[in-house]
Amino acid sequence: RLTAIDHYLPTRVVTLEGRIYKFTYSAGLPPRASRSIEEVVRIAQKLLERAQFSQCVTRSEGEPFYRNFIEMSRRLIDNSGVDPAEIGTVIYCGVGRGYREPATAHQMAAHLKLKKAECMDIIDACNGWSRTARVTESLLRNNAAKHILVLSLEFNRSPSLRASPDYTFGDFHPAYSMRTLDEMEWRVWAATMGEAGTATLWSKDDSRQWYFDYDCEPYEYADCSCTLVNHQEWDLEPMVLDHVHGGEEFFYAYGKRIGESIKAHLPPLLRKVQHYLDEAAVVVPHSLSSAVYEWIFREIGVHEKAIYPFNSLGNCASCGVPTGLSMAIKQGRLARGQRVVLA
């Protein structure tokens, strides 16, 4: 049972125009390049508009995002009616984190004074929350815990991160500084990244079972990645972009490939559970290019039920689906006892 859910958004709104402006800093483009900076800006705008990106939200200068998130999570527990001592497991599932180890869940549980909870992190990029929901269902059904708190804090645009699109305007900037037009295929999508945090409290309830289905293509890991500085030591084959970034940490995403993969793999999964789609009050996709999901949902016939967090928040990584779920509740589109389908 979904006992409680909430989301935290930072205060700074960045519009499409604000993101497009940064592409004018493409210092890496050779002075005698056959295409001008104006061409880079034109293509970037076309791609982002086609994805239906209009704005995202990011931290304001000096915003105490971590403290705000912990306070929001504490209020969620207080208002849920669940005794904190009965929260047996805390799972953190975000890409964003401040430490490699131990599990970020330990630190958050300590601040929330959940002294007896078992803590772990589950990392699966933007699919982290959905993957965690599947693990959570198994833990609850096997009586490993009565209540499980799932946390995610995707504040990945820190100016301290070389992988962040907001790091600098240098020649090898991960998002905005194009040296060739071919690089736009994988650089431009970092511009859509927003920031958000979510807290979800799941409780054991055997009266209604959850349903999961996956179609996994492991080799598509190369379509989108956030590397560590030592990634070359872990590559059996050279990473496709090593010649661009070498040993740096960086983020890249081949947006067109990802979209084609979603269109190939998601519709058959949804058609298998048409009865769930008919019952559902809302359908919530990941916050990636709402145009891709809108095309699918129109094909399936559930577009009117869809919530698209991407349109106003950008790509919030693992927070995309739970933020959309929380938005649906706050907007009165989803009530206790109703079915929801998450993609």
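Our subject is the structure that appears above.
Residues numbered from 1 in each chain as written. Predicted model: local features only at pLDDT ≥ 70, side-chain atom pairs only at ≥ 80, totals over all residues. Heavy atoms only, no water.

### Regarding the packing of helix 3 (residues 65-80) against helix 4 (residues 104-111)
So, step 1. Remark: helix 3 packs on helix 4, axes separated minimally by 10 Å, with the N-to-C direction vectors making an angle of 65°. By the angle between their axes, helix 3 is roughly perpendicular relative to helix 4. The handedness of the crossing between helix 3 and helix 4 comes out as right-handed. When helix 3 is examined against helix 4, the residues Y66, F69, I70 and R74 are found in contact with a partner set consisting of Q107, M108 and H111. (Axes fitted to C-alpha atoms, helices over the stretch in contact; angles between N-to-C directions. Helix = DSSP H or I, 4+ residues; strand = E, 2+ residues; numbered from the N terminus. Parallel < 35°, antiparallel > 145°, perpendicular 65-115°, else oblique. Left-handed = near helix turned anticlockwise from the far one by under 90°. Contact = heavy atoms within 4.5 Å.)

### A short note on the packing of helix 8 (residues 255-271) against helix 10 (residues 290-300)
So, step 1. It is at 10 Å that the axes of helix 8 and helix 10 come closest, and there the two elements cross at 30°. The angle between helix 8 and helix 10 falls in the class roughly parallel. Read as a crossing pair, helix 8 and helix 10 show a hand that is right-handed. Residues G259, I262, K263, L266, P267, L270 and R271 of helix 8 form the contact with helix 10, whose own contacting residues are V292, Y293, W295, I296, F297, E299 and I300.
So, step 2. Partitioned by chemical class, the residues of the contact of helix 8 with helix 10 number ten nonpolar, one polar and three charged. (Nonpolar A, V, L, I, M, F, W, Y, C, P; charged D, E, K, R; others polar.)

### Quick word on the state of the cysteines
So, step 1. Per the stated rule, a full pass over the model turns up zero disulfides.
So, step 2. In this structure C93 is a free cysteine whose sulfur lies 7.1 Å from that of C319, the closest cysteine sulfur available.
So, step 3. The thiol of C126 is not disulfide-bonded; the next cysteine sulfur, from C224, is found 6.1 Å away.
So, step 4. Residue classification places C126 among the partly exposed residues on the basis of a relative accessible area of 28%. (Disulfide = S-S within 2.5 Å. Buried < 20%, exposed > 50% of the residue type's maximum accessible area, 1.4 Å probe, protein only.)

### Re the sheet that holds strand 4 (residues 87-92)
So, step 1. Spatially, five strands are ordered 1-7-6-4-5 in an open sheet, and the strand pairing comes out mixed. Lying at the two open borders of the sheet, with one neighbouring strand each, are strand 1 (2-8) and strand 5 (118-121). On average, each strand axis in the sheet is tilted by 15° relative to the strand beside it, whichever way the strands run.
So, step 2. Strand direction decides the pairing type here: strand 6 (residues 147-154) and strand 7 (residues 196-203), joined by eight bridges, are antiparallel. Looking at strand 7, one finds that S152 is bridged to T198.
So, step 3. Against the sheet, helix 5 (residues 128-141) makes contact with strand 4, strand 5, strand 6 and strand 7, and its axis sits at roughly 170° relative to strand 6, the strand it touches most.
So, step 4. Against the sheet, helix 12 (residues 320-330) engages strand 1 and strand 7, with an angle of about 105° to strand 1. (Pairing = 2+ DSSP bridges.)

Note that all results are geometric; they support no functional claim without further evidence.
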